[in-house]
Amino acid sequence: MLRRAGVAAALGVLVVAGLTVLRPTASAQPPTPGEKGLNALQAADVLGEAPPAAVVPGPPLTLGGAPADARGPADLLPADGAVAFVAWAGTAKAGPAFAQTAAHKSLIDSGLLPTVRRSFGAVWQKGFEEARKAVEQATGGGAEQEIDFHFEVDEEDMKEGDIEFEVEDLQSPKDNVEDGPQEFQLQPIEENLDAFDEDVVVEDEEFDAPNPRPEALAALQALGDATLSGGVTLSVHLLEGPPLPSVFVVLPGAADAAEALLSQTTVEEREALQLRQEEVNGVSVTVGNVPGVPPFFNFGLWRVGPHLVGAIGPGAVQRGVAVTTGDAAALGTHPLAEHTPDDALLAGWLDFATVVDRFGEFPAYEADWRPGGQVTVGELLTALGLDALSGVRGSLSADGEALRSEGEWLLRGEPRGLLAALDPAPMSLADLPPLPAEVKSFGACSVDFATLYDGLIDAAGALAELQRPDSRERAMLENAPAVLNDLAGFDVRAALLEPLGSVAAVYSDPHDGGLFGLGGVVAIAVEDAATLKAGLATVADRALTNLPPDAGEQVRITAYQQSGVDVTTVSIAGMFRPSLAVTDEWIVFAPTPQAVAAFLLRADGTLPTWGPTGRWEAPFGRVPAEFTSLSASDPRPAAAFLNNLIGTLLPPINHFAGGPADAILPPSELVTGPLFPNVKWATNTGEGVQGVGYASLPTPMAMGGGGSVATPAILASLLLPAVQQAREAARRMESMNNLKQLGLAAHNYHTVFDTLPRGTAEGTNLPPERRLSWVVALLPYLEEGALAERLDPTQAWDAGPNAQVARTALPWMVNPSDPNGATTDEGYAVTHYVGVAGVGPNAAAAKRHTAKTGIFGYDRTTKFADVTDGLSNTLMYGSVQSNVGPWAQGGPSTVRAFTQQPSIGGPDGFGGYHAGGTDFLTADGAAYFISENIDPQVLEALATARGGEDVDWDEVE
């Protein structure tokens, strides 16, 4: 893909010229009444029934430039402002190098890919012929029919986004073909036609399309061949000021082919491209402009000996020529280009730091609460810690029979945030877990889990600063550690992460993979086994507690001992049995108990373990003594599987699609024989992380032979209860934030009116349950003022204009954990949060405060001064689970008292969708999760505003 992208980008400078050469050429004279004009295409002419006049190219063009020298392609590109670079060596260099590799011997010399290519080539040709016959049959025989093929390009239609394409007067003996225009809508490439030459669009006229120009086609093919052979070297640049890119490209050995292609253009085509020769710093350059592009964004072409050099962008031609003449620094002096291997077949790099500097002040998203009204790209990247990334580079080379890959992440400053894990301690082969003696693939890395956790928490905290104050997003990001600790019931970092060591590994077990090869095993080093076991036990208890009631028979946890170590197995629906064990040195996870048992038997010496011997010895001879990550795989099982799979599928494909019947794949030994184990490693260079790999046939580790494809899914099943709990904890945090928003709105209302809103709307004699609720009074303070203006407080909540507004969902009135949706059966938007009226059946209806009344009442208002129990000791809002009603409706739908026990989960409806309790907000704006097991007297004391009770907050919390 990278190769194709490089070729496409390299030819981008010439594609306009190439397409212009092949397009129909307009006559220099105005059309006579008998001639066809410029905006319709006659299909019969395309078929050659009426040969047009020959198209005559203009005088030959000569590319100017500089004589040949010893500089390589990268030395012909400028260094200033370079942010990206990619180079492909071309088939002349890559072909012979690849022919020496084991991959070529396995795939090409064995006959595998040539056989596949021959089969699918025949299948493709057969399919093409069948499609052509189907078209001829549908249209009645092809060339004998008359088709008026009409292509209209009207400037006004194009500005509106439409192009009309018609087939008129279709004469055919087939009855199922309709006469008359057949219209298709095409999306125009550009809607802005300001730069188009209006003289090109001539309404209601037609023109004859010329036959293809063989010389031009040959020249274009020659340029493509030269590019494939010589390769492409391309760079993208961003200078100071407006971030307008410039692109430079070198096509080694392609100057003559480009000159021949340009010479095939006609005078009119050269005028359309404004091709001209200009002297730039003493160098003759072919300069032009792409139609429809601003004039300063021009392009230039020149040669340096046999090499074609191209540039496009503001000032790009002058900067490129300066490198040609030696007056400017070449790209090879760029810091990221210094370590590009000379034998690289494919190489590239990205100067991430420069890109960030150029685009850092661009807005990432709007933020009307900030002085500048936006959060910039630079601020967002800094919050995530990505501003510490300087650049990345990589290359691919052929090193004898191996394919060598190199890559590097370069840092500027200490890694933090999302990059916190890029500075690990070194490890060695002795630090690996006991691997199966016949392991086919494995990977290991050094990682400080506590540091990684700290980096993610720091990034979350920094992102919180970029969110709206008092928003739910900010609250959740700021409280990320509290959410995790509340979920686990203990300090996650201290109990689960700090006890872990610095080595994590994953491998495929070839012997105990179970059905379908589910043998992927994860092993992590342990430093404090006792603390880790205690933390895992708590997680298991919480997971079992939160299982659905009907899941007890589907999920069973059993334990047994192997080599003196407890093995815990989770049986899921009697089919899957993921297991884990914790030793003094390792915690091991696997999708089968057999794989865990085998690990323990290798750890105690009963079973043999892997070492870099035999076929592994030579590849591991390249691995340094210390590294930060390592992966290895044997590609032979994957290659054999691929050969057998193709061998199974190819005969029926050839039979049904008409492919060659004699297509026979080679024996698997020929395919796998040349292959040797792949190995990759990474090291810390002090400036970043560098990776090196040697491969005979690159394959995913999961295909290396152990069948660990299912490992992620199995591990996900292990973590699923924790993930579900994390989601529920996040929803609970969001519910609390909803209450805080309501509390803030109520405080803002009190600031304006010196009182809190009545429980129901004034101005009507309707009963409370027919009036509008207190929510209406707070709408302007919840950024819903426009909604409030549409309501009529003199009418019932579901009458007149109120009925439509009452169907509008208010996200901050809905508990995110409710599975029943946010509307009633009648379509009215609900609320899960009600005002607390106090204690007793008459508390909500009481018109004046008593010892049993709370803050809200149907017909009373409350000032903060009236709350003599203290704002922090008085409930204002509570979450309800049953008898949920519309937010617009007064009465019990939005105001409730505690009348019966149990107070939470009882007939009054107070309760939530979170196990163990529900959410409340006190009048000072603090949100609490109150247990369903709270002493009822304590909860009733909190419900009253003037009861004078003492509240024991230890019991509340």
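Everything numeric here is computed off the predicted structure, so don't read it as measured data.

Q: Which parts of the structure should I look at to understand the overall build of the protein?
A: A tally of regular secondary structure across the protein gives 27 helices and 33 strands. Considering only intrachain contacts with a sequence separation of at least 6, the fraction spanning at least 24 residues in the protein is 68%. When the accessible surface of the protein is summed, it comes to about 45500 Å², and 56% of that surface belongs to carbon and sulfur atoms.

Q: Looking at this structure, I do not really get the pattern of salt bridges. What am I missing?
A: A side chain with one charge may pair with a side chain of the opposite charge, provided their charged atoms come close. Within the structure shown, the criterion is met by 24 salt bridges. For Glu379, the salt bridge goes to Arg370, with nearest N and O atoms at 2.8 Å. Overall, Glu379 belongs to the partly exposed group, its relative accessible area being 30%. What makes Arg370 partly exposed here is its relative accessible area of 22%. Ionic pairing is found between Arg404 and Glu406, a salt bridge with its closest N-O pair at 2.9 Å. Here Arg404 falls in the buried class, since its relative accessible area comes to 9%.

Q: How do you make sense of unusual backbone geometry when you look at a structure like this?
A: Residues other than glycine predominantly adopt negative phi, and peptide bonds predominantly adopt the trans conformation. Gln901 connects to Pro902 through a cis peptide bond whose omega is 5 degrees. Phi angles above zero are rare outside glycine, and Asn281 is one such case at about 55 degrees. In the Ramachandran plot, Asp470 falls in the positive-phi region, its phi being about 65 degrees despite a non-glycine side chain. Along the polypeptide, Asp470 turns up in the loop between helix H13 (449-464) and helix H14 (472-478).

Q: Got a minute to help me understand the packing of helix H12 (residues 377-384) against H13 in this structure?
A: Each pair of packed helices gets described by two things: the angle between the helix axes and the distance between those axes. Relative orientation of the contacting elements H12 and H13 amounts to 150 degrees, with a least axis distance of 7 Å. One element, H12, and the other, H13, form an angle in the roughly antiparallel class. Along the contact surface, H12 presents Leu380, Ala383 and Leu384, while H13 presents Ala459, Ala462 and Leu463. Each residue belonging to the contact of H12 with H13 can be placed in one class, and the counts come to six nonpolar, no polar and no charged.

Q: I'm lost on the nonpolar core in this one. Help?
A: One recurring pattern in soluble globular proteins: nonpolar side chains tend to sit buried together. Formed by 49 residues in total, the largest nonpolar core has its most connected members in Leu432, Phe442, Trp610, Phe620, Leu630 and Trp681. The element that contributes the greatest number of residues to this core is helix H18 (residues 593-603), accounting for four residues. Contacts of Trp681, omitting those with residues within four sequence positions, involve Arg622, Val623, Pro624, Phe627, Ser629, Leu630, Gln690, Gly691, Val692 and Tyr694. Tyr749, Tyr833, Ala897 and Ala923 belong to the second largest nonpolar core, which has 46 residues in total.

Q: Just checking my understanding: could you explain the packing of aromatic side chains for this structure?
A: The geometry of two aromatic rings is summed up by the distance between their centres and the angle between their planes. Counting across every chain of the model gives 18 aromatic pairs. With a centroid separation of 5.8 Å and an interplanar angle of 85 degrees, the aromatic rings of Trp610 and Trp616 are classed as edge-to-face. Here the aromatic cluster, defined as three or more aromatic residues joined through ring pairs, consists of Phe442, Trp610, Trp616 and Phe620. Residue placement shows Arg622 over the ring face of Tyr694; its charged tip is 3.9 Å from the ring centre.

Q: I tried to follow H12 on my own but got confused; where do I start?
A: Structurally, the α-helix is built with 3.6 residues per turn, so residues lying three or four positions apart point the same way. The set of residues buried in H12 consists of Gly378, Leu381, Ala383 and Leu384. For H12, the elements touching its buried residues are helix H11 (352-359), strand S14 (374-376) and H13. Positive backbone phi, approximately 85 degrees, marks Gly385, located one or two places after H12.

Q: Even after reading the chapter, I still don't get the sheet that holds strand S33 (residues 927-931), so can you show me in this structure?
A: Sheet strands associate in pairs through backbone hydrogen bonding, adopting either a parallel or an antiparallel arrangement. The five strands lie next to each other as S31-S28-S29-S32-S33, forming an open sheet whose pairing is mixed. Each edge of the open sheet carries a strand with a single partner, namely strand S31 (895-898) and S33. Along the sheet, successive strands turn relative to each other by an average axial angle of 40 degrees, direction set aside. Taken together, the three bridges between strand S29 (residues 875-879) and strand S32 (residues 917-922) define a ladder with antiparallel strand orientation. Bridge assignment links Tyr877 to a residue of S32, and that residue is Leu921. Contacts from helix H26 (residues 936-943) reach strand S28 (833-839), S29, S31 and S33 within the one sheet, and its direction differs from that of S28 by about 105 degrees.

Q: Honestly, the pairing of strand S10 (residues 299-304) in this entry has me stumped. Any pointers?
A: For a regular strand, the rule is simple: side chains alternate between the two faces of the sheet. For S10, the buried fraction is high: six of the six residues fall into the buried class. Residues Phe299, Leu301 and Arg303 point to one face of S10 and Gly300, Trp302 and Val304 to the other, with burial holding for every one of them. Sheet topology note: the strand S9 (residues 283-288)/S10 ladder contains three bridges and is antiparallel. From the neighbouring strand, Val287 faces S10, where its bridge partner is Gly300.

Q: Would you explain the side chain of Asp869 in this entry?
A: Considering the arrangement of structural elements, one finds Asp869 in the loop between S28 and S29. With no salt bridge to any partner, buried Asp869 finds its closest opposite charge in Arg946, at an N-O distance of 7.8 Å. Looking at Asp869, its side chain comes within polar contact range of the side chain of Thr944, at 3.5 Å. Those residues in contact with Asp869 that lie beyond four places of it in its chain are Thr874, Ala941, Thr944, Ala945, Arg946, Gly947, Gly948 and Glu949.

Q: What exactly am I supposed to notice about H18 here?
A: Taking burial as the measure, the eleven residues of H18 include eight buried ones, the bulk of the element. The complete set of buried residues in H18 reads Pro593, Ala595, Val596, Ala597, Ala598, Phe599, Leu600 and Arg602. Gly605 sits one or two positions beyond H18 and adopts a positive phi of about 90 degrees.

Q: Mind showing me how you'd approach the pairing of strand S19 (residues 520-526) here?
A: Most of S19 sits inside the fold, with seven of its seven residues counted as buried. Of the two faces of S19, the one holding Gly520, Val522, Ile524 and Val526 and the one holding Val521, Ala523 and Ala525 are both buried throughout. Direction of pairing for strand S18 (residues 500-508) relative to S19: antiparallel, over a ladder of six bridges. Residue pairing in the sheet places Leu500 in a bridge with Val526 of S19. In this sheet, strand S23 (residues 586-590) lies alongside S19 in antiparallel orientation, the contact comprising four bridges. The partner of Val522 across the bridge, within S23, is Phe589.

Q: Could you clarify how one ought to interpret the confidence of the model for the protein in this entry?
A: Residues shown with low pLDDT carry predicted positions that ought not to be read at fine detail. Residues at a pLDDT of 70 or more form 80% of the protein, whose mean pLDDT is 80. In this model, residues 142-211 is a region of pLDDT below 50 whose contacts with residues beyond four sequence positions or in other chains number 130 contacts. Predicted confidence for residues 514-518 stays below pLDDT 50, and this span has nine contacts to residues more than four positions away or in other chains.

Scoring rules and cut-offs
Residues numbered from 1 in each chain as written. Predicted model: local features only at pLDDT ≥ 70, side-chain atom pairs only at ≥ 80, totals over all residues. Heavy atoms only, no water. Helix = DSSP H or I, 4+ residues; strand = E, 2+ residues; numbered from the N terminus. Contact = heavy atoms within 4.5 Å. Areas by Shrake-Rupley, 256 points an atom, 1.4 Å probe, with all protein chains shown as cover. Salt bridge = Lys/Arg side-chain N within 4 Å of Asp/Glu carboxyl O. Buried < 20%, exposed > 50% of the residue type's maximum accessible area, 1.4 Å probe, protein only. Axes fitted to C-alpha atoms, helices over the stretch in contact; angles between N-to-C directions. Parallel < 35°, antiparallel > 145°, perpendicular 65-115°, else oblique. Nonpolar A, V, L, I, M, F, W, Y, C, P; charged D, E, K, R; others polar. Core = buried A, V, L, I, M, F, W, Y, C linked by side-chain atoms within 4.5 Å. Phe/Tyr/Trp six-rings, centres within 6.5 Å; stacked < 30°, edge-to-face > 60°. Lys NZ or Arg CZ within 6 Å of the ring centre and 35° of its normal. Pairing = 2+ DSSP bridges. Lys, Arg positive; Asp, Glu negative; His and termini not counted. Polar contact = N/O pair within 3.5 Å; in protein donor to acceptor, adjacent residues only side chain to side chain. pLDDT = per-residue confidence, 0-100.

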